[in-house]
Structures are given as structure tokens and as C-alpha cells.
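Single-letter residue listing:
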Amino acid sequence: MSFLAPTAEDPSSGALPARLDSREHLLNNSTADRYRDSVSEGVSRVASRIATCERPLTGISAPRLAPEISGIDLEQPLGDHLAALDELENVYLRDAVYFHHPRYLGHLNCPVVIPALVGEAVLSSVNSSLDTWDQSIGGTLIERRLIDWTTQRIGLGSAADGIFTSGGTQSNLQAMLLARDEACRLVQKNSETPRRKAEILPQLRILTSECSHFSIAKSAALLGLGYDAVIAVPCGEDKRMQADALARELDACAREGLVVMAVVATAGTTDFGSIDPLPEIAELCRRHETWFHVDAAYGCGLLVSPRRRHLLNGIELADSVTVDYHKSFFQPVSSSAVLVRDRNTLRHATYHADYLNPARVDEERIPNQVDKSIQTTRRFDALKLWMTLRVMGADGVGELFDEVVDRAADGWSLLTADPRFEVVVRPQLSTLVFRYLPPDNSDPALCDAVNLHAREALFASGEAVVAGTVVDGRHYLKFTLLNPQTTLRDIATVLDLIAGHARQYLSERAEPHTDRRAG
Ligand SMILES: *Cc1c(COP(=O)(O)O)cnc(C)c1O
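Since this is a predicted model, take the numbers as computed values, not measurements.

Definitions and limits used
Residues numbered from 1 in each chain as written. Predicted model: local features only at pLDDT ≥ 70, side-chain atom pairs only at ≥ 80, totals over all residues. Heavy atoms only, no water. Helix = DSSP H or I, 4+ residues; strand = E, 2+ residues; numbered from the N terminus. Rg over C-alpha atoms; globule rule 2.2 N^0.38 Å. Buried < 20%, exposed > 50% of the residue type's maximum accessible area, 1.4 Å probe, protein only. Contact = heavy atoms within 4.5 Å. Areas by Shrake-Rupley, 256 points an atom, 1.4 Å probe, with all protein chains shown as cover. Near = heavy atom within 4 Å. Polar contact = N/O pair within 3.5 Å; in protein donor to acceptor, adjacent residues only side chain to side chain. Salt bridge = Lys/Arg side-chain N within 4 Å of Asp/Glu carboxyl O. Domains from an automatic or database assignment. Buried area = accessible area lost by both parts, 1.4 Å probe. Nonpolar A, V, L, I, M, F, W, Y, C, P; charged D, E, K, R; others polar. 1 Å grid on protein atoms, 1.4 Å probe; cavity = no way out; pocket = protein on both sides within 12 Å on 5 of 7 lines; lining within 4 Å. Points joined across faces, edges and corners; volume = space filled by probe spheres on them. Pairing = 2+ DSSP bridges. Axes fitted to C-alpha atoms, helices over the stretch in contact; angles between N-to-C directions. Phe/Tyr/Trp six-rings, centres within 6.5 Å; stacked < 30°, edge-to-face > 60°. Arc of directions from axis to C-beta. Core = buried A, V, L, I, M, F, W, Y, C linked by side-chain atoms within 4.5 Å. Right-handed = clockwise from strand over helix to strand, strands pointing away.

**Student:** Where do I start with the overall build of the protein chain in this structure?
**Tutor:** Along its length, the protein chain carries 16 helices and 12 strands. For 519 residues, the compact-globule estimate of 2.2 N^0.38 gives 24 Å, and the C-alpha radius of gyration of the protein chain, at 26 Å, lies within 12% of that figure. The dimensions of the protein chain, computed from C-alpha atoms along their principal axes, are 85 × 75 × 40 Å. The burial tally for the protein chain puts 49% of its 519 residues in the buried class. Of the contacts made within the protein chain by residues no fewer than 6 positions apart, 71% connect residues no fewer than 24 positions apart. Carbon and sulfur atoms make up 53% of the accessible area of the protein chain, which totals about 25300 Å².

**Student:** When you look at the site of the ligand in this model, what are you seeing that I'm missing?
**Tutor:** Close contacts around the ligand come from 15 residues, with G168, T169, D295, D324 and K327 the closest. With respect to the ligand, the side chain of D295 contributes an N or O atom lying 2.6 Å from a nitrogen atom. Separating an oxygen atom of the ligand from a side-chain N or O atom of H326 is a distance of 2.8 Å. In isolation the ligand exposes 380 Å². Once the protein is present, 85% of that is buried. Going through the elements one at a time, α6 (168-190) and α11 (325-328) are the ones with two or more residues in the shell around the ligand.

**Student:** Is there a simple way to explain the pattern of salt bridges in this structure?
**Tutor:** Opposite charge on two side chains allows them to pair when their charged atoms are near. For the structure shown, the criterion picks out 34 salt bridges. Measuring nitrogen to oxygen at the nearest pair gives 3.0 Å for the salt bridge that ties K384 to D381. For the pair K384 and D381, one class covers both residues: buried. A single salt-bridge network, built from bridges that share partners, covers E41, R45, R49, D86 and E89.

**Student:** Mind showing me how you'd approach the domain arrangement of the protein chain here?
**Tutor:** The parts lose accessible area when they come together, and the size of an interface is often stated as this lost area. When cut into domains, the protein chain gives domain 1 (118-391) and domain 2 (395-510). The interface is formed by 26 residues belonging to domain 1 together with 22 residues belonging to domain 2. The junction of domain 1 with domain 2 conceals about 2100 Å² of combined surface from both sides, 59% of it contributed by carbon and sulfur atoms. Summed over the shared surface of domain 1 and domain 2, the number is 5 salt bridges. Where D402 meets R308, a salt bridge forms, and the shortest distance between an N and an O atom there is 2.9 Å. Considered class by class, the residues forming the side of domain 1 that touches domain 2 number 9 nonpolar, 9 polar and 8 charged.

**Student:** I keep staring at the layout of surface pockets and nothing clicks. Help me out?
**Tutor:** Once rolled over the atoms, a probe with the size of a water molecule shows which space is left empty. By volume, the largest pocket is sized at about 1300 Å³. Lining the largest pocket are 37 residues, and of these V46, I50, V112, L117 and P332 lie nearest its centre. For the lining of the largest pocket, the secondary structure elements donating two or more residues are α1 (32-52), α3 (81-93) and α4 (114-126). With 7 residues, the top contributor of residues to the lining of the largest pocket is α1. The two domains that each donate at least three residues to the lining of the largest pocket are domain 1 (118-391) and domain 2 (395-510).

**Student:** For this particular structure, what's the right way to read the sheet that holds strand β12 (residues 474-480)?
**Tutor:** Strand-to-strand pairing in sheets goes through backbone hydrogen bonds, with the strands running parallel or antiparallel. Within the open sheet, the 5 strands sit side by side as β1-β11-β12-β10-β9. Their pairing is mixed. Because the sheet does not close on itself, it has two edges, and the strands there are β1 (104-105) and β9 (421-423). In terms of strand pairing, β9 meets strand β10 (residues 431-436) through 3 bridges, oriented antiparallel. Across the sheet, residue E422 finds its bridge partner in β10, namely R435. Taken strand by strand, helix α14 (residues 394-416) contacts β9 and β10, and its axis lies near 20° from that of β10.

**Student:** Hey, could you run me through the side chain of T151 in this one?
**Tutor:** Of note, T151 is situated in helix α5 (residues 138-154). T151 sits in the buried class, given a relative accessible area of 4%. Only 3.0 Å separates the side chain of T151 from the backbone oxygen of D148, close enough to count as a polar contact. Discounting residues that sit within four places of it in the chain, T151 has contacts with L156, A160, D161 and L339.

**Student:** Would you take a moment to explain the packing of aromatic side chains for this structure?
**Tutor:** Aromatic ring pairs are defined here through the distance separating the ring centres and the angle between the ring planes. This model, assessed by the stated rule, comprises 7 aromatic pairs. When the ring of F164 is compared with that of Y325, the centres are 5.4 Å apart and the planes differ by 25°; the resulting orientation is stacked. Taken as a pair, F164 in strand β2 (residues 161-165) and Y325 in helix α11 lie far apart in primary sequence, 161 residues in all. Between Y325 and F329, the aromatic rings sit 5.1 Å apart at their centres with planes inclined by 90°, giving edge-to-face as the arrangement. Overall, Y325 belongs to the buried group, its relative accessible area being 0%. Taken together, the aromatic side chains of W149, F164, Y325 and F329 make up a single cluster linked through ring pairs.

**Student:** So what exactly am I meant to see when it comes to helix α8 (residues 214-222) here?
**Tutor:** Turning to α8, its buried residues number three or more, namely S215, I216, S219 and A220. Buried residues in α8, looked at end-on, bunch into an arc of 150°, giving them a common side. Of the exposed residues in α8, those oriented more than 90 degrees away from the buried face are F214 and L222. Residue G224 follows α8 closely and has a positive phi angle near 80°.

**Student:** Please clarify how the nonpolar core should be interpreted in this entry.
**Tutor:** The nonpolar side chains of soluble globular proteins are, as a tendency, buried together. With 63 residues, the main nonpolar core has L207, L246, F292, V294, V321 and F401 as its most contacted residues. Structurally, this core is a two-domain feature, drawing no fewer than three residues from each of domain 1 (118-391) and domain 2 (395-510). In this structure F292 touches V263, A265, L278, I281, A282, C285, G314, L317, A318, D319 and S320, once residues within four positions along its chain are discounted. With 27 residues, the next largest nonpolar core counts A229, M261, V338 and V340 among its residues.

**Student:** I tried to follow the pairing of strand β3 (residues 204-209) on my own but got confused; where do I start?
**Tutor:** For a regular strand, side chains alternate in direction, first toward one face of the sheet and then toward the other. Burial analysis of β3 places 6 of its 6 residues in the buried class, which makes it a mostly covered element. What you see with β3 is no split at all: L204, I206 and T208 on one side and R205, L207 and S209 on the other are buried throughout. Where β3 meets strand β5 (residues 259-266), 5 bridges bridge the pair, whose relative direction is parallel. Within the sheet, the bridge partner assigned to L204 lies in β5 and is V259. The pairing of β3 with strand β4 (residues 230-233) spans 4 bridges and is parallel. Within β4, the residue paired with L207 across the bridge is I231. Regarding the hand of the β-α-β motif, the stretch spanning β3, α8 and β4 is right-handed.

Have a look at this one:
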């Protein structure tokens, strides 16, 4: 025990374990061994869970778990990591949702690759911050290399650039910020009388499909345009934006004197995995001199797909692109990037602070990534992708993504042949939106209730996780397949479980006097 700060308890009394001095918890030259042992112990607890878990979750409810957590006295530290890890088993590890499990078919969460986890351990311990060169050195250069690698995969050209972000939501927000400020700049340049930016904002519109991600609408609100600035372009039955409807909206905006600051295409909609017709949309944007953003948060895995890269044809014509490596590159949260065709547009995110990145360092050509980011302190998330590419290679990642897309196609065949279910679209990527059909399907409200119940009952059982969504006002279920370990047999098993819960619900409704608690 350190003589610098003796603790209250006398360790010789034997009543309490000797407690480390606070300084001994700092990672430094004298604690490196304890760092290694402590982190290894944490890793080893997770490894045991993963090795033995038979279900994706226990299905515990919030009212049952909450008291365990509120019952912990945060003023009474346990003193060592073994005790804290023991406690964590009960408040987190035992009941967490495990995305690696083959029957986790819920949201866009992927199983993660081990090389990325090695990167994660390294980056959080060295703790580089990627805002300025003087806080990261090699981290800055590695991130820049991966941005270049990604823009080359997309085909954005030699003036391209970008930045890692916390997720697709932030990437979309930044892209919309750049598009907004470019639109304002052009309006100001082309107008005969000087115009203030605040006067232009109410005229701006964003066109995006009705199936696009809600972060586009949220970005419009955050950027001072309001939710109403987003115009939803209709999709066809395949859930892809209709290019002729987009053309009509662009003409209508022009007639009304509105400025379309961006058209947002989605390459992999969150619900259906549908990819908007990128070449047609790009051509319309070119004709109307409008910023073309492609939200490939989900579909970006196709950039490394050995068999399906062509599905992204047209993405190379974008002004900006969102990619989420933490969705289809099998990376841990967070790992995302926004890429731009013209690196000059990133200046709309630049602010020179005297203490951090004064303008004079630009002249010295010191690479400060904060000039391109809407964050300041920023994790070295790029290291996870770096380790992944250095260990597995891009093809290795792309093969995994191809496999889950194959599985979704097989799942679609299974569903279309099964009279118990109805499936919405044939998938381009790896989601399946479907619903259970009651044998007498005359009451839409009952059909909704059955599907909502089946999803909840399945979750509570811990046997599997599926997502839900609404299509044309009705409740549907959704499989998101991102795990190559999920077999067609797993899909069939989950469908049987859903049908079982649905039938039970229907039979209990048919006999309203039965005590459900007894069933
Ligand atoms: C998931 C998703 C987003 C949001 O990304 P986050 O990483 O969750 O912030 C944006 N767009 C699409 C199409 C998505 O699927």
C-alpha cells in the first residue's frame, strides 16, 4: 500500500481486504502487470459467457432487473476488479443480448470479428484522440489511409476525403451540414443582392424516399430547417425510390422557388435492405445541380463483396456517402465514416480554435483531423478496421456479408412457400419483412395484435430475437440477418416458434374465460 495516501481501514486488522491506493488504479509504468491481468480477467468472463450461452438472451424484464441495479450503493466501491466483475455478472453479463448468437435476428447489429476487438483493446488503452496530430501521430495517418481506401472502393476520385464518425446518424448529419452550406453558398453567389444565410434556410428542401432513415429528418431539424423541410419521395412495391417521382418533385420545387439542397438516396434501407436506383438519381441531381448523398450505412458491406459490388453501381457519382462499418463490416460499435467527393466542402465543418488548431498550423501543413469533424475529442475507431483489413483482408469481410445475403434469399424462398406467413419484398440485402397470417385473416387489428404478441413472447422466452416494423399502417416482423452462423434451419426454427406463440394467442382469445396465468 502506498505511503502517500493511507486508507482509512488498517489492513492488518484482517476485517477488510487491503484496498489499493487510488493512484494504483492509474495505468502507468508501475501498474502495467495489473492492467494486463485485470483486462484479461474481464475478457475471460466474456469468453466464458460466449462459449456457453445457449440463447441470445434470458428475456428478463426491466422491472425485474432494475432493482438489482438500483440496489447497488455507488458510494461503497468494491475495491478490486474481481469483485466488480462478479457483480457485473448479475447486473449485465447474465442478461445481456448476445448478437453473436445465431438466433439473434433483431436489429442491424453484427457479430464482431476478433481482429477488431484486438484493435479495440489497443485503442482504448493508448487512448489517442484523433482531433489533432499532437494527440495521435500515427493514428491520424492510419485514419487518413482508411478514408482514402474507402473513397477508392467507392470510386469518388482523387479530390475525395472524409472522416470517421460515431455512426450513420452523425455521418448523415455532417453530410447534410455540408450540403446545406454549399446550397447557401451557391444561392448567395447567384443572387444579385446580398442575402443572409438565415433568409435562405426556409427555402431549403431535402428529397429522400419514404423508406429512408429517420436521421435524415432529424438532421433537417438539427440544422435549423425543421422536419417539414424533408419531402418524402414515394417508393415502388420493391421499396426503392421511384426516379420519375423524384423528377416530378425536383420540378415542383423549382417551380415554387424552393432550393433542393440535397437528394438522399439509400443504399440498403433499414427495413427492407432495398437500394435506390443510384445511376438515375445521380443523373437527376446532375441536371438540377443538386447535392447527391448516398446513405450506405447498411449497404456499405457491398463495397467489399466479391459477388455483389455491382449493386452499388452509381455510388461513385455521389457528393457524399455514409458508411457504417459497425453494420456490415462486422466491427464493434462505433465505427462509421462520411466521405465526400470534394475535400474542400469539409471546410464547412472547420473552426479554428486558438488553443487547438489555430489557422497558422494549416500553413505548416500539420494534419489536424478536427478541421474535418463535428466532434472534438474523438476515438481512434479506425484502428479496428485497420486490424481487420490487415488480418482478414477486404475479401474476407465481403465473403461474410455475401453469405448473409445468400441466407436472406434462402429465407425468402422458405417464407414464400409457407402459408402461415406473408413476406413483403424479395430482399436485395439481408432483411426479411413478413407477418404471421391468422387462419381466418378477416380482422386487420387481430393480425396486428397476433404479430405484436408473437414478437414480445419470443423475446421474453429468450429463444430468439426478431424486430418489428410497420408497413402501410400494419404491424410486421423483421429478420435482420448479419450472422453467417445463422443457418436456414435456425430461420425455420424461429418461424415455428413465432407460429407457436401466435397460435397460442389466438386460442387464448377464442376462450376468453381461460385464466391466462394458468396457461
Ligand atoms: C442504421 C442506419 C443509420 C443510422 O446509423 P447509426 O450508426 O445507428 O447512427 C442511418 N441510415 C441507415 C440506412 C441505417 O440503416
